[in-house]
Amino acid sequence: MKLPLWISHVRLGGTELRVVRPVPPAPRAVLYDQDRWLAMYVDRQASTVLTAAWGLAARSPRSLIYLPMRANTPPEGVGGGEGQSPSLDLVLLHHSLQMRPSRWKQVRTRLGAGCLHTASVHDSDFPDESAVDYERWHFREFRDHLGFHLAANTLFIVGSGTAFRERGALVRSLIGDAPSYLARYPRADHYCVELSAGPWARPRVRGRVPGHLHVQYSGEWRV
(Lines give C-alpha, C1' and ligand atoms only; values in the text may rest on other atoms or scores of the structure.)
Protein backbone atom coordinates (compact mmCIF):
# COMPACT_ATOMS: atom_id res chain seq x y z
CA MET A 1 0.00 0.00 0.00
CA LYS A 2 1.16 3.53 -0.75
CA LEU A 3 0.80 6.14 1.98
CA PRO A 4 1.29 9.91 1.56
CA LEU A 5 3.22 11.38 4.49
CA TRP A 6 4.14 14.70 6.01
CA ILE A 7 7.74 14.58 7.23
CA SER A 8 8.95 17.21 9.70
CA HIS A 9 12.42 17.72 11.18
CA VAL A 10 12.46 19.19 14.65
CA ARG A 11 15.61 20.22 16.49
CA LEU A 12 15.44 19.91 20.26
CA GLY A 13 18.63 20.86 22.00
CA GLY A 14 21.42 19.09 20.11
CA THR A 15 19.10 16.42 18.68
CA GLU A 16 17.17 16.48 15.41
CA LEU A 17 14.03 14.36 15.35
CA ARG A 18 12.25 13.16 12.22
CA VAL A 19 8.47 13.01 12.67
CA VAL A 20 6.29 11.21 10.13
CA ARG A 21 2.52 11.77 9.86
CA PRO A 22 0.06 10.10 7.45
CA VAL A 23 -1.83 12.30 4.96
CA PRO A 24 -4.64 12.63 5.71
CA PRO A 25 -4.63 11.38 9.31
CA ALA A 26 -7.23 8.70 9.96
CA PRO A 27 -10.43 10.64 10.82
CA ARG A 28 -12.24 7.61 12.22
CA ALA A 29 -9.84 6.42 14.88
CA VAL A 30 -9.93 7.20 18.60
CA LEU A 31 -7.83 6.07 21.54
CA TYR A 32 -8.62 6.25 25.25
CA ASP A 33 -7.03 5.32 28.56
CA GLN A 34 -9.89 3.39 30.15
CA ASP A 35 -8.02 2.88 33.42
CA ARG A 36 -7.74 -0.92 33.25
CA TRP A 37 -6.69 -0.99 29.60
CA LEU A 38 -6.06 1.24 26.60
CA ALA A 39 -8.86 1.12 24.05
CA MET A 40 -8.59 2.06 20.39
CA TYR A 41 -11.41 2.06 17.84
CA VAL A 42 -10.77 2.09 14.09
CA ASP A 43 -12.78 1.78 10.88
CA ARG A 44 -11.49 0.20 7.66
CA GLN A 45 -9.58 3.26 6.43
CA ALA A 46 -8.02 3.87 9.85
CA SER A 47 -7.03 0.18 10.02
CA THR A 48 -5.10 0.62 6.77
CA VAL A 49 -3.34 3.73 8.09
CA LEU A 50 -2.56 2.02 11.42
CA THR A 51 -1.12 -1.05 9.67
CA ALA A 52 1.04 1.16 7.44
CA ALA A 53 2.23 3.06 10.51
CA TRP A 54 3.38 -0.19 12.14
CA GLY A 55 5.21 -1.14 8.96
CA LEU A 56 6.98 2.24 8.92
CA ALA A 57 7.90 1.90 12.60
CA ALA A 58 9.41 -1.52 11.92
CA ARG A 59 11.80 -0.22 9.24
CA SER A 60 12.30 3.43 10.22
CA PRO A 61 14.36 3.33 13.42
CA ARG A 62 15.27 7.03 13.14
CA SER A 63 11.68 8.29 12.87
CA LEU A 64 8.74 8.93 15.17
CA ILE A 65 5.51 7.75 13.52
CA TYR A 66 2.78 10.12 14.69
CA LEU A 67 -0.97 9.50 14.31
CA PRO A 68 -2.88 12.56 15.55
CA MET A 69 -6.40 11.59 16.57
CA ARG A 70 -7.26 13.57 19.71
CA ALA A 71 -9.69 15.79 17.78
CA ASN A 72 -11.53 12.89 16.12
CA THR A 73 -15.20 12.25 16.85
CA PRO A 74 -15.70 8.82 18.45
CA PRO A 75 -18.35 6.37 17.24
CA GLU A 76 -21.69 6.23 18.99
CA GLY A 77 -21.40 4.87 22.52
CA VAL A 78 -17.65 5.47 22.85
CA GLY A 79 -16.07 8.23 24.94
CA GLY A 80 -17.56 11.58 25.81
CA GLY A 81 -19.10 10.45 29.07
CA GLU A 82 -18.79 12.32 32.33
CA GLY A 83 -15.42 11.61 33.88
CA GLN A 84 -14.10 10.08 30.66
CA SER A 85 -10.38 10.57 30.14
CA PRO A 86 -9.43 12.74 27.17
CA SER A 87 -8.76 11.05 23.86
CA LEU A 88 -5.13 10.34 22.98
CA ASP A 89 -2.78 10.61 20.02
CA LEU A 90 -0.47 7.72 19.11
CA VAL A 91 3.30 7.73 18.52
CA LEU A 92 5.31 4.66 17.49
CA LEU A 93 9.08 4.85 17.89
CA HIS A 94 12.15 2.65 17.89
CA HIS A 95 13.73 2.20 21.31
CA SER A 96 17.17 3.24 19.99
CA LEU A 97 15.95 6.85 19.68
CA GLN A 98 15.84 7.02 23.48
CA MET A 99 13.49 10.00 23.34
CA ARG A 100 11.82 10.86 26.62
CA PRO A 101 8.03 11.10 26.17
CA SER A 102 8.09 14.16 28.45
CA ARG A 103 9.76 16.08 25.58
CA TRP A 104 7.00 15.27 23.12
CA LYS A 105 4.88 18.35 23.81
CA GLN A 106 7.81 20.56 22.78
CA VAL A 107 8.33 18.53 19.62
CA ARG A 108 4.64 18.57 18.68
CA THR A 109 4.39 22.36 18.87
CA ARG A 110 7.33 22.72 16.43
CA LEU A 111 6.20 20.34 13.69
CA GLY A 112 5.01 22.93 11.17
CA ALA A 113 3.52 21.81 7.85
CA GLY A 114 6.32 19.41 6.93
CA CYS A 115 7.31 18.17 3.47
CA LEU A 116 5.16 15.78 1.46
CA HIS A 117 6.54 12.31 0.67
CA THR A 118 5.11 8.91 -0.27
CA ALA A 119 6.07 5.59 1.31
CA SER A 120 5.14 2.05 0.38
CA VAL A 121 4.32 -0.65 2.91
CA HIS A 122 4.16 -4.26 1.71
CA ASP A 123 2.79 -7.48 3.14
CA SER A 124 6.38 -8.70 3.24
CA ASP A 125 7.08 -6.07 5.93
CA PHE A 126 5.22 -8.35 8.35
CA PRO A 127 5.64 -12.08 8.98
CA ASP A 128 2.70 -14.44 8.65
CA GLU A 129 1.13 -14.97 12.04
CA SER A 130 1.89 -18.68 11.72
CA ALA A 131 5.60 -17.82 11.41
CA VAL A 132 5.74 -15.90 14.70
CA ASP A 133 7.15 -18.00 17.54
CA TYR A 134 4.98 -16.74 20.38
CA GLU A 135 6.54 -19.18 22.83
CA ARG A 136 9.91 -17.44 22.71
CA TRP A 137 8.30 -14.19 23.90
CA HIS A 138 8.32 -15.80 27.36
CA PHE A 139 12.02 -16.71 27.34
CA ARG A 140 14.15 -14.78 29.80
CA GLU A 141 16.65 -13.74 27.11
CA PHE A 142 13.98 -12.42 24.71
CA ARG A 143 14.13 -8.61 24.54
CA ASP A 144 11.82 -7.65 21.65
CA HIS A 145 8.89 -6.50 23.77
CA LEU A 146 6.80 -3.34 23.45
CA GLY A 147 6.82 -0.54 26.00
CA PHE A 148 3.84 1.75 26.71
CA HIS A 149 4.18 5.31 28.00
CA LEU A 150 1.74 8.21 28.38
CA ALA A 151 2.62 11.90 28.11
CA ALA A 152 0.94 15.04 26.72
CA ASN A 153 -2.29 13.16 25.88
CA THR A 154 -0.31 10.72 23.74
CA LEU A 155 0.30 6.99 23.95
CA PHE A 156 3.88 6.07 23.08
CA ILE A 157 4.53 2.53 21.89
CA VAL A 158 8.25 1.83 21.94
CA GLY A 159 9.98 -1.23 20.58
CA SER A 160 12.55 -2.80 18.28
CA GLY A 161 12.08 -3.46 14.59
CA THR A 162 11.36 -7.11 15.42
CA ALA A 163 8.73 -6.13 17.99
CA PHE A 164 6.93 -3.89 15.50
CA ARG A 165 7.10 -6.48 12.71
CA GLU A 166 5.80 -9.33 14.85
CA ARG A 167 3.03 -7.31 16.53
CA GLY A 168 2.30 -5.79 13.13
CA ALA A 169 1.19 -9.23 11.97
CA LEU A 170 -1.67 -8.89 14.48
CA VAL A 171 -2.44 -5.30 13.50
CA ARG A 172 -2.53 -6.29 9.81
CA SER A 173 -5.38 -8.70 10.57
CA LEU A 174 -7.62 -5.65 11.06
CA ILE A 175 -7.60 -5.16 7.29
CA GLY A 176 -7.01 -8.77 6.28
CA ASP A 177 -9.47 -10.62 8.53
CA ALA A 178 -11.86 -8.21 10.27
CA PRO A 179 -14.25 -7.40 7.36
CA SER A 180 -14.61 -11.04 6.28
CA TYR A 181 -14.99 -12.22 9.90
CA LEU A 182 -17.85 -9.81 10.56
CA ALA A 183 -19.47 -10.76 7.23
CA ARG A 184 -19.33 -14.46 8.16
CA TYR A 185 -20.53 -13.87 11.71
CA PRO A 186 -22.99 -10.95 11.56
CA ARG A 187 -23.99 -11.53 15.20
CA ALA A 188 -20.43 -11.20 16.43
CA ASP A 189 -20.04 -8.35 18.87
CA HIS A 190 -16.82 -7.07 17.27
CA TYR A 191 -13.39 -7.98 15.90
CA CYS A 192 -10.31 -6.92 17.85
CA VAL A 193 -6.63 -7.49 18.44
CA GLU A 194 -4.83 -7.31 21.79
CA LEU A 195 -1.32 -5.95 22.30
CA SER A 196 0.58 -6.08 25.58
CA ALA A 197 3.58 -4.26 27.03
CA GLY A 198 6.53 -6.07 28.53
CA PRO A 199 7.32 -9.76 28.87
CA TRP A 200 4.41 -10.55 31.19
CA ALA A 201 0.70 -9.85 31.05
CA ARG A 202 0.56 -7.13 33.70
CA PRO A 203 -2.44 -4.87 34.30
CA ARG A 204 -0.15 -1.82 34.61
CA VAL A 205 3.42 -0.95 33.67
CA ARG A 206 5.75 1.86 34.74
CA GLY A 207 3.95 5.13 35.49
CA ARG A 208 0.72 3.20 36.17
CA VAL A 209 0.07 3.02 32.43
CA PRO A 210 -2.31 0.18 31.47
CA GLY A 211 -0.34 -2.77 30.11
CA HIS A 212 -2.87 -3.83 27.48
CA LEU A 213 -4.06 -2.17 24.27
CA HIS A 214 -7.37 -3.37 22.85
CA VAL A 215 -7.84 -2.35 19.19
CA GLN A 216 -11.42 -2.79 18.00
CA TYR A 217 -12.49 -2.77 14.36
CA SER A 218 -15.73 -0.93 13.62
CA GLY A 219 -17.31 -1.64 10.24
CA GLU A 220 -19.92 1.08 10.74
CA TRP A 221 -18.80 4.32 12.35
CA ARG A 222 -21.98 5.97 13.61
CA VAL A 223 -21.66 9.30 15.39
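In this text the structure is predicted, and so the values were computed from the model without any measurement.

Comments concerning the nonpolar core
Here is step 1: Residues Trp54, Leu90, Phe148, Ile157 and Leu213 are the most contacted members of the largest nonpolar core, which totals 47 residues.
Here is step 2: It is helix α1 (residues 44-59) that provides the largest number of residues to this core, a total of nine residues.
Here is step 3: Core analysis: the second largest hydrophobic core is formed by 16 residues, Leu17, Leu64, Ala151 and Val158 among them.

Some points on the sheet that holds strand β13 (residues 212-217)
Here is step 1: With mixed pairing, four strands are arranged side by side in an open sheet as β3-β4-β13-β10. Two strands bound the open sheet, and with one partner strand each, they are β3 (29-33) and β10 (191-196). On average, each strand axis in the sheet is inclined to that of its neighbour by 15°, with strand direction left out of account.
Here is step 2: Across five bridges, the pairing between strand β4 (residues 38-42) and β13 is parallel. Each bridged residue has a counterpart across the sheet, and for Val42 the counterpart in β13 is Tyr217.

Focus: the environment of Leu38
Here is step 1: Relative to the elements of secondary structure, Leu38 occurs in strand β4.
Here is step 2: The class of Leu38 is buried, set by a relative accessible area of 0%.
Here is step 3: Placed 171 residues apart in sequence, Leu38 and Val209 show a C-alpha to C-alpha distance of 8.6 Å.
Here is step 4: Filtering out sequence-adjacent residues up to four positions away, Leu38 remains in contact with Tyr32, Asp33, Leu88, Phe148, Leu150, Leu155, Pro210, His212, Leu213 and His214.

Things to note about the packing of aromatic side chains
In this description, a pair of aromatic rings is defined by centroid distance and the angle of the planes.
Here is step 1: The full count for this structure, using the stated rule, is five aromatic pairs.
Here is step 2: Ring plane angle 70° and centroid distance 5.2 Å describe the contact between Trp54 and Phe164, whose orientation is recorded as edge-to-face. A residue pair is termed long-range when its members are at least 10 positions apart, and Trp54 in helix α1 and Phe164 in helix α3 (residues 161-176) qualify at 110 residues.
Here is step 3: Look at Tyr181 and Tyr185: their rings are 5.1 Å apart centre to centre, the planes differ by 50°, and that puts the pair in the tilted class.
Here is step 4: The class for Tyr181 is partly exposed, based on a relative accessible area of 28%.
Here is step 5: Members of the aromatic cluster, joined through ring pairs, are Tyr66, Trp104 and Phe156.

Focus on the pattern of salt bridges
Here is step 1: Inspection of the entire model under this criterion finds four salt bridges.
Here is step 2: Connected via shared salt-bridge partners are Arg70, Asp89 and Arg108.

A look at unusual backbone geometry
Here is step 1: Going from Val23 to Pro24, the amide bond is cis rather than trans, its omega being -10°.
Here is step 2: Within the secondary structure layout, Pro24 lies in the loop between β2 (15-22) and β3.
Here is step 3: Positive phi, close to 75°, is recorded for Asp35, a residue that is not glycine.
Here is step 4: Within the secondary structure layout, Asp35 lies in the loop between β3 and β4.
Here is step 5: Even without being glycine, Gln98 reaches a positive phi, approximately 50°.
Here is step 6: With respect to the secondary-structure elements, Gln98 resides in the loop between β6 (89-94) and α2 (104-109).
Here is step 7: With relative accessibility at 70%, the residue Gln98 sits in the exposed group.

Details of the packing of α1 against α3
Here is step 1: Between α1 and α3, the shortest axis-to-axis distance is 8 Å and the interhelical angle comes to 165°. With respect to each other, α1 and α3 are oriented roughly antiparallel. Seen along the crossing, α1 lies across α3 with a hand that is left-handed. Contacts from Arg44, Ser47, Thr48, Leu50, Thr51, Trp54, Ala57 and Ala58 in α1 reach Gly161, Phe164, Arg165, Arg167, Gly168, Val171, Arg172, Leu174 and Ile175 in α3.
Here is step 2: Taken together, the residues of the contact of α1 with α3 sort by class into eight nonpolar, five polar and four charged.

Calculation criteria
Residues numbered from 1 in each chain as written. Predicted model: local features only at pLDDT ≥ 70, side-chain atom pairs only at ≥ 80, totals over all residues. Heavy atoms only, no water. Core = buried A, V, L, I, M, F, W, Y, C linked by side-chain atoms within 4.5 Å. Buried < 20%, exposed > 50% of the residue type's maximum accessible area, 1.4 Å probe, protein only. Helix = DSSP H or I, 4+ residues; strand = E, 2+ residues; numbered from the N terminus. Pairing = 2+ DSSP bridges. Axes fitted to C-alpha atoms, helices over the stretch in contact; angles between N-to-C directions. Contact = heavy atoms within 4.5 Å. Phe/Tyr/Trp six-rings, centres within 6.5 Å; stacked < 30°, edge-to-face > 60°. Salt bridge = Lys/Arg side-chain N within 4 Å of Asp/Glu carboxyl O. Parallel < 35°, antiparallel > 145°, perpendicular 65-115°, else oblique. Left-handed = near helix turned anticlockwise from the far one by under 90°. Nonpolar A, V, L, I, M, F, W, Y, C, P; charged D, E, K, R; others polar.

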